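An overview of the molecular structure
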Amino acid sequence: MRVHLINPSHVSFGVGVITPRWLYVIAGATPASFGDPIIVDETLEQIDPSTIKAGDICGIGIHTGNALRGYEVGNLARKAGATVIYGGIHATFFPDEPHEIGGAHAVTKGDGDRIWARVLEDARNGTLQREYDGGRIDGDEFLPARWDLMPPNSYMWASVQTLRGCPKHCSFCSVWRTDGQKPRPRPSDAVIGEIVELRQRGFRFIALADDNFYPVPLADLKMAARREDKTTLNNLTKIRNERFELMERLAKLPEDMIFFTQITMEASEDPEFLAAMKRARIKGALVGIESVTAEGLKDVYKPFNAHGDELVKRLRSFKDNGVHVLGSFIFGLPSDGPSTFDATAA
């Protein structure tokens, strides 16, 4: 019995931009009694179906964009006599679909770090259930990735996760539904340890693959401070302080290391946080701009974003602190019209 972990893709490029972190975390969650899992990232190279044998276990992680390819692989594996188990965002939202069209024996929802070992044991013992729920584990339970199983010279950027969850509820986003609105930060010792390992493996560029690297905006702190019960304020303050501690430790790593992350526009209103990002050499960030109009921001439940001249001011705040913005935009919102494109370009 061998365990295969498969990141499906219809297109293979031979090299990847960012490491598919889930593959190596679930590899780390695989008990030693099963041996090292066989990892297949189809963005590098298509799977060879002949490598899957009767009695093997195939774990397939899917998001909506690669779900159909995942189902193709799952059906191939089931035909070969393997046990097929799905996980990932798409499987969490639609746990019946892999059974209906993907040849699934089981589906896991939520965080896989802890539940995966139980799923494997059930598969080995013949007691596999139709569905498992890994829930949302705390940050100190996040497992480190098995980077020793990564093929060398295959990825441009490595990835490390420092927290899961996002306090927002943007209409288009899956994160707050799958990972929750309560930020779950990972201890900085674990984060730095993993980054050091990746540096030793030759990586200088690291993506901090978080749902939102800025989980405690100043507005939330002010709101919590007005409450008589200071529990929320104390919790938010603790998370914020942990962010600064992490960035202080990032700043002490070799000077040629570069970091990239995902963050909300609110960070642009926090000079102290931006200055810490600069010291930590977080030189780029994906920022969800979404729309340049007030109406568009209402459409996506993002009133905390800016528009017009204020948007320009906030984007310049990032740039002034050495953080280059990779802006994401949505077109086709209910309030959009022909003028939306010109306004965005302007």
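Cut-offs applied
- Residues numbered from 1 in each chain as written.
- Predicted model: local features only at pLDDT ≥ 70, side-chain atom pairs only at ≥ 80, totals over all residues.
- Heavy atoms only, no water.
- Pairing = 2+ DSSP bridges.
- Helix = DSSP H or I, 4+ residues; strand = E, 2+ residues; numbered from the N terminus.
- Axes fitted to C-alpha atoms, helices over the stretch in contact; angles between N-to-C directions.
- Contact = heavy atoms within 4.5 Å.
- Core = buried A, V, L, I, M, F, W, Y, C linked by side-chain atoms within 4.5 Å.
- Buried < 20%, exposed > 50% of the residue type's maximum accessible area, 1.4 Å probe, protein only.
- Salt bridge = Lys/Arg side-chain N within 4 Å of Asp/Glu carboxyl O.
- Lys, Arg positive; Asp, Glu negative; His and termini not counted.
- Parallel < 35°, antiparallel > 145°, perpendicular 65-115°, else oblique.
- Left-handed = near helix turned anticlockwise from the far one by under 90°.
- Nonpolar A, V, L, I, M, F, W, Y, C, P; charged D, E, K, R; others polar.
- Phe/Tyr/Trp six-rings, centres within 6.5 Å; stacked < 30°, edge-to-face > 60°.
- 1 Å grid on protein atoms, 1.4 Å probe; cavity = no way out; pocket = protein on both sides within 12 Å on 5 of 7 lines; lining within 4 Å.
- Points joined across faces, edges and corners; volume = space filled by probe spheres on them.

The next point concerns the sheet that holds strand β2 (residues 16-18). Taken together, the six strands give an open sheet; going across it, the order is β2-β8-β11-β12-β13-β14, and neighbouring strands pair in parallel fashion. Looking at strand neighbours, the two that pair on one side only are β2 and β14 (324-329), the edges of this open sheet. Sheet twist, expressed as the mean angle between neighbouring strand axes with direction ignored, is 25°. In the sheet, strand β12 (residues 258-263) pairs with strand β13 (residues 282-290) via five bridges, with the strands oriented parallel. What sits directly across from Thr261, in β13, is Ala285. Packed onto the sheet, helix α7 (residues 188-200) meets β8 (155-160), β11 (205-208) and β12 and runs at close to 165° relative to β8.

With that settled, the discussion passes to the nonpolar core. Ranked by internal contacts, the top residues of the largest apolar core, which has 59 residues, are Leu250 and Ile263. With six residues, the top contributor of residues to this core is helix α1 (residues 21-29). Excluding anything up to four places from it in sequence, Leu250 contacts Ile192, Ile195, Leu208, Phe259, Ala280, Arg281 and Ile282. In terms of nonpolar packing, the next biggest core, distinct from the first, is built from 17 residues, Ile6, Ile47, Ala82 and Ala104 among them.

Under the criterion given, the structure shown has 27 salt bridges. Arg243 is the salt-bridge partner of Asp210, the closest N and O atoms lying 3.9 Å from each other. Of this pair, Asp210 sits in the loop between β11 and α8 (218-225) while Arg243 sits in helix α9 (residues 231-251), and the two are 33 residues apart along the sequence. Each member of the pair Asp210 and Arg243 is classed as buried. Between Glu290 and Lys302 there is a salt bridge whose closest N-O contact spans 2.7 Å. Separated by 12 residues along the polypeptide, Glu290 in strand β13 and Lys302 in the loop between α11 (294-299) and α12 (308-320) bring together distant segments of the chain. Under the relative-accessibility criterion, Glu290 is labelled buried at 4%. A network of salt bridges, in which partner residues are shared, links Asp111, Asp113, Arg164, Asp179 and Arg184.

Here Asp336 is to be found in the loop between β14 and α13 (339-345). Although Asp336 is buried, it forms no salt bridge, and the closest oppositely charged side chain is Lys298 at an N-O distance of 14 Å. In contact with Asp336, other than residues within four places in its own chain, are Ile330 and Phe331.

This next bit is on the packing of α7 against α9. Here α7 crosses α9 at 25°, and the two axes come no closer than 10 Å. The orientation of α7 relative to α9 falls into the category roughly parallel. Handedness of the α7/α9 crossing: right-handed. Contact with α7, carried on its side by Ser188, Asp189, Val191, Ile192 and Ile195, involves Glu245, Leu246, Arg249 and Leu250 of α9 and no other residues of that element. Here the residues of the contact of α7 with α9 sort into five nonpolar, one polar and three charged.

Bringing the packing of aromatic side chains into the picture now. This model, assessed by the stated rule, comprises nine aromatic pairs. Where Phe93 meets Phe94, the ring centres are 6.3 Å apart and the plane angle is 55°; that geometry is what we call tilted. A relative accessible area of 34% means that Phe93 is categorised as partly exposed. Phe94 gets classed as partly exposed once you look at its relative accessible area, which sits at 44%. Ring geometry for Phe244 versus Phe273: centroids 5.6 Å apart, planes at 80°, classification edge-to-face. Placement of Phe244 in helix α9 and of Phe273 in helix α10 (residues 271-279) is noted, with a sequence separation of 29 residues between them. The same class applies to Phe244 as to Phe273, namely buried.

All right, on to empty space enclosed by the protein then. Counted by the stated rule, this structure contains one cavity of 30 Å³ or more. Looking at the largest cavity, its volume works out to about 30 Å³. If you trace the largest cavity, you find it lined by Glu290, Ser291, Val292, Phe329, Ile330, Phe331, Asp336, Thr340 and Thr344. Taken together, the residues of the lining of the largest cavity sort by class into four nonpolar, three polar and two charged.

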